[in-house]
Amino acid sequence: IAFAQSFKLIPLGVSGGVDESNLSAYLVSEPDSDNYLCLDAGTLYSGIKNYFHKNQIEGNPSDFLKNNIKAYFISHPHFDHSSGLIINSPEDSKKNIYAADFVMEAFKKHIFSWDTWANFANEGDEPRIGKYQYRYLAENEWTSVENTNFQIQMSYLSHTGKNKSSAALIRNSQEHYFLYLGDTGADEIEKTNQLEDLWKKIAPLVKNKQLKGIAIECSYANEQPDSKLYGHLKPSLLMKELEKLERYTGLQALKEVKIIITHIKPKEGVLNTIEQELLPLRKKGIKIVVAEQGKVIKI
């Protein structure tokens, strides 16, 4: 049973910018379910279209968006993580948005505000269309995700100081876990210990073989100066962070966890460079998977 699949992850968009048809959005479900929680929503419709095409699935992306995506978790309100939700909101069905307080505040003030877009939510400027219900996540508290078998727990992350971000720890009906991180800088650069706190929290789950996967960003190659990371990771810093986690879990336990690399900023040759720079992790036996748009990841 140890090798049984616990989660299905469909990357609708994986990139950290420029190409609006390939921005951060990941559908997660239990393996035998087509009820998805959408983790960030930079790209939706064109991501579903791409997924259908790549996997030779017959279907209507609009219907899938309405019927199969049951809820959203938004890690932070930056457009490369939220624009798909905004653009598709007129055609979407009624559902919940799960997020930290700072995300909701940004949506109320700057997005669903009638200045930039109609207010499709149940709070904020009137008139309120009420299609989306804001569900506030408190740090370290479990919340059930309606219309799925998932529970979700939020942790704050640091993304250039006041530009906060967040992570979602997802628990399925089998008590298996998957961790999704929004954009995050390294503790040493951000001068925080938010990642360290997160590693401490998930370490027991790794040791118990209950944590099956971690999706974490690696936006730049190592050549990017620390002063120009803007709250992101590069391979040298990601490896340091995973070494911290390893100190709490031991290497053997960490080898059981799939590490899924997200949010690579598009630049000529950067994918190959990052793959090369992450080779030391593979050599240690850590399972590294670089997320690819439309390619299902079994966790």
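Because the structure is a prediction, the values reported are computed rather than measured. The residue numbering used here restarts from 1 in each chain and proceeds along that chain's sequence as written. Local features in a predicted model are, by the rule used here, given only for residues with pLDDT of at least 70; side-chain atom pairs are given and counted only at 80 or more, and totals for whole chains, interfaces and linings are based on all residues. To obtain the side-chain values, all non-hydrogen atoms of the structure were included, while hydrogens and water were left out.

Asks: Can you help me understand the overall build of the chain in this one?
Replies: A run of DSSP states H or I qualifies as a helix once it reaches four residues; a run of E qualifies as a strand once it reaches two. Both are numbered from the N-terminal end. When helices and strands are tallied, the chain shows 10 helices and 14 strands. For the radius of gyration, the atoms used are the C-alpha atoms, and the globule rule reads 2.2 Å times the number of residues raised to 0.38. The globule rule puts the C-alpha radius of gyration for 299 residues at 19 Å, and the 18 Å found for the chain is close to it. Seen through its principal axes, the chain has C-alpha atoms that stretch 55 × 45 × 40 Å. The rule is simple: take the accessible area with a 1.4 Å probe, protein chains only, and divide by the maximum for that residue type; under 20% is buried, over 50% is exposed, in between is partly exposed. A buried classification covers 57% of the 299 residues belonging to the chain. It only takes one pair of heavy atoms within 4.5 Å for two residues to be counted as in contact. Partitioning the contacts of the chain with sequence separation of at least 6, the portion at a separation of at least 24 is 63%.

Asks: Help me understand the pattern of salt bridges, please; the structure alone is not making it clear to me.
Replies: Where charged atoms of side chains with opposite charge meet at close range, the side chains can pair. Salt bridge, as applied in this entry: a Lys or Arg side-chain nitrogen positioned within 4 Å of an Asp or Glu carboxyl oxygen. What the rule picks out here adds up to 15 salt bridges. Linking Arg128 and Glu126 is a salt bridge whose minimum nitrogen-to-oxygen distance equals 3.9 Å. Residue classification places Arg128 among the partly exposed residues on the basis of a relative accessible area of 42%. Where Glu223 meets Lys267, a salt bridge forms, and the shortest distance between an N and an O atom there is 2.9 Å. Of this pair, Glu223 sits in the loop between strand S11 (211-217) and helix H7 (235-249) while Lys267 sits in the loop between strand S12 (258-262) and helix H9 (270-277), and the two are 44 residues apart along the sequence. On the basis of relative accessible area, Lys267 is assigned to the exposed category, the value being 52%.

Asks: Looking at this structure, I do not really get the sheet that holds strand S5 (residues 95-99). What am I missing?
Replies: At least two DSSP bridges between two strands are needed for those strands to be called paired. Spatial ordering of the open sheet is given by S6-S5-S4-S3-S2-S1-S14, a layout of seven strands whose pairing is mixed. Looking at which strands have only one partner, the edges of the open sheet turn out to be strand S6 (132-136) and strand S14 (297-298). Both S5 and S6 contribute to a ladder of five bridges, which runs parallel. Residue pairing across strands places Tyr98 opposite Arg135, the latter belonging to S6.

Asks: For this particular structure, what's the right way to read the packing of aromatic side chains?
Replies: To describe a pair of aromatic rings, one takes the distance between the centres and the angle between the planes. Side-chain rings of Phe, Tyr and Trp (the six-membered ring for Trp) are treated as a pair once their centres are within 6.5 Å; stacked means planes under 30 degrees apart, edge-to-face means over 60, and tilted covers the remaining angles. Taken as a whole, this structure holds 14 aromatic pairs when the rule is applied. Relative to Phe120, the ring of Phe112 has its centre 6.2 Å away and its plane inclined at 65 degrees; by these criteria the two rings are edge-to-face. Taking the relative accessible area as the measure of exposure, Phe112 reaches 0% and is therefore buried. Put simply, the rings of Tyr72, Phe107, Phe112, Phe120 and Tyr132 pair up and form one aromatic cluster.

Asks: Explain the sheet that holds strand S10 (residues 177-181) to me, please; I cannot follow it from the model alone.
Replies: Each strand in a sheet pairs with its neighbour through backbone hydrogen bonds, running either in the same direction (parallel) or in the opposite one (antiparallel). The mixed open sheet is built from seven strands, whose spatial order is S7-S8-S9-S10-S11-S12-S13. Because the sheet does not close on itself, it has two edges, and the strands there are strand S7 (142-144) and strand S13 (287-290). Going from strand to strand, the sheet's axes swing by 25 degrees on average, the running direction of each strand aside. Summarising the sheet, S11 and S12 pair through five bridges and their orientation is parallel. What sits directly across from Ile214, in S12, is Ile259. In the packing of helix H6 (residues 194-207) onto the sheet, contacts are made with strand S8 (151-158), strand S9 (164-171), S10 and S11, and the angle to S8 comes to roughly 150 degrees. Angular values range over 0 to 180 degrees, each being the angle between N-to-C directions of two axes fitted as lines to C-alpha atoms, with helices fitted over their stretch in contact.

Asks: I keep staring at the pairing of S11 and nothing clicks. Help me out?
Replies: Side-chain direction in a regular strand flips from residue to residue, so the side chains alternate between the two faces of the sheet. The buried fraction of S11 amounts to seven of the seven residues, a majority that puts the element mostly inside the structure. When S10 meets S11, the two strands line up parallel, connected through four bridges. Paired with Tyr180 across the bridge in S11 is Ala215.

Asks: Quick question: what am I supposed to make of the nonpolar core here?
Replies: For soluble globular proteins, the rule of thumb is that nonpolar side chains tend to be buried together. Side-chain atoms within 4.5 Å are what join buried Ala, Val, Leu, Ile, Met, Phe, Trp, Tyr and Cys residues into a set we call a nonpolar core. Of all hydrophobic cores here, the largest spans 57 residues; its most connected members are Leu37, Leu39, Tyr72, Ile170 and Phe178. If sequence neighbours within four positions are ignored, Leu39 has contacts with Leu9, Ala25, Tyr26, Val28, Phe73, Ile170, Phe178 and Tyr180. Among the nonpolar cores identified, the runner-up in size contains 39 residues, and Leu181, Tyr220, Ile274 and Leu281 belong to it.

Asks: In this structure, what is going on with the packing of H6 against H7? I would like to understand it.
Replies: Angle between the axes and distance between the axes: these two values describe a pair of packed helices. Where H6 meets H7, the axes come as close as 8 Å, and the angle between the chain directions of the two elements is 45 degrees. In terms of orientation, H6 lies oblique with respect to H7. Helix-helix and strand crossings are classified by hand; for H6 and H7 the assignment is right-handed. Counting all contacts with H6, which are made through Leu195, Glu196, Trp199, Lys200, Ile202, Ala203, Val206 and Lys207, the residues of H7 involved are Glu241, Lys244, Leu245, Tyr248 and Thr249. When residues are sorted by character, Ala, Val, Leu, Ile, Met, Phe, Trp, Tyr, Cys and Pro go into the nonpolar class, Asp, Glu, Lys and Arg into the charged class, and all the rest, Gly among them, into the polar class. In the contact of H6 with H7, the residues fall into seven nonpolar, one polar and five charged. Here the angle decides the label: under 35 degrees means roughly parallel, over 145 means roughly antiparallel, 65 to 115 means roughly perpendicular, and every other value means oblique. Two helices crossing with the near one rotated counterclockwise from the far one by less than a right angle form a left-handed crossing, whereas a clockwise rotation gives a right-handed crossing.

Honestly, it's all geometry; don't read function into it.
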